[in-house]
Amino acid sequence: MKTIQIAAVKRDVYGKKASKAVRREGMVPCAIYGGEETVHFSVEAKALKPLIYSPNSYIVEFDIEGKKEIGVMREEQILHIDFYRVQEGKPVAIDVPVRLTGNSEGVKAGGKLVLSKRKIRVSGMVENLPDELVIDITTLGVGKSIFVGDLQYENLTMLTPATTAVCAVRVTRASRGAAAEQQRGK
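On a predicted model such as this, the values are computed, not experimentally measured, just so you know.

Enquirer: What is the right way to read the side chain of Asp-82 from this model?
Expert: Mapped onto the secondary structure, Asp-82 falls in strand S6 (residues 81-85). Filtering out sequence-adjacent residues up to four positions away, Asp-82 remains in contact with Ala-31, Tyr-33, Val-72, Met-73, Arg-74 and Glu-75.

Enquirer: What is the right way to look at the nonpolar core in this model?
Expert: For soluble globular proteins, the rule of thumb is that nonpolar side chains tend to be buried together. Ranked by internal contacts, the top residues of the largest apolar core, which has 21 residues, are Ile-120, Val-122, Leu-129, Ile-135, Ile-146 and Val-166. For this core, the secondary-structure elements that each account for two or more residues are strand S7 (92-101), strand S9 (119-124), strand S10 (133-136) and strand S13 (165-170). Ranked by residues supplied to this core, first place goes to S7 with 4 residues. Dropping the residues within four chain positions of it, Ile-135 is found in contact with Val-98, Arg-99, Leu-100, Thr-101, Ile-146, Leu-151, Tyr-153 and Val-166. Counting residues in hydrophobic clusters, the runner-up holds 17 residues, among them Phe-41, Leu-51, Phe-62 and Ile-81.

Enquirer: Can you help me understand the packing of aromatic side chains in this one?
Expert: Where two aromatic rings form a pair, the distance of their centres and the angle of their planes describe that pair. One pass over the full model with this rule turns up 3 aromatic pairs. Joined through ring pairs, the aromatic side chains of Phe-41, Phe-62 and Phe-83 make up one cluster. The ring of Tyr-84 carries Arg-74 above its face, with NZ or CZ at 4.8 Å from the centroid.

What counts as what
Residues numbered from 1 in each chain as written. Predicted model: local features only at pLDDT ≥ 70, side-chain atom pairs only at ≥ 80, totals over all residues. Heavy atoms only, no water. Helix = DSSP H or I, 4+ residues; strand = E, 2+ residues; numbered from the N terminus. Contact = heavy atoms within 4.5 Å. Core = buried A, V, L, I, M, F, W, Y, C linked by side-chain atoms within 4.5 Å. Buried < 20%, exposed > 50% of the residue type's maximum accessible area, 1.4 Å probe, protein only. Phe/Tyr/Trp six-rings, centres within 6.5 Å; stacked < 30°, edge-to-face > 60°. Lys NZ or Arg CZ within 6 Å of the ring centre and 35° of its normal.

As structure tokens, this is what we get:
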């Protein structure tokens, strides 16, 4: 999984007033949870742009006034961001983007491909986390779906419910017409 480095400043005062003061300075209040202690810090807003305005997921290395912290983005809100500390030897839960590959048989027959889930929550050791989950849709026919339960990746556990549809090929008028034409030809 890709890593991004961000410099940060530790905050000793937190709360509504302190957070407003941090925001006035062009900074974003953040916190990293997990492990023994919660660390409150702030980051320049522009340093977070590659992390927030991207479909990718990242491992984030913070340099908080000389102290290194590694985490994953847990919750992003307009006014602050929460991270979860990455601890050696413990699995990490993170949303990983989905990438579809192949030309679906159903689309060739006139169906419409619909991606319902752009990211899937997985759990695994940091070194095993992929940048994306690649799903081959070549054999996906009209009216068929791929569910999270159909997916298996080495060293990853799916946390998104198995009954969640990732993508499907929907029936269209064109695909119905092609199926009817095929039936008449038999």
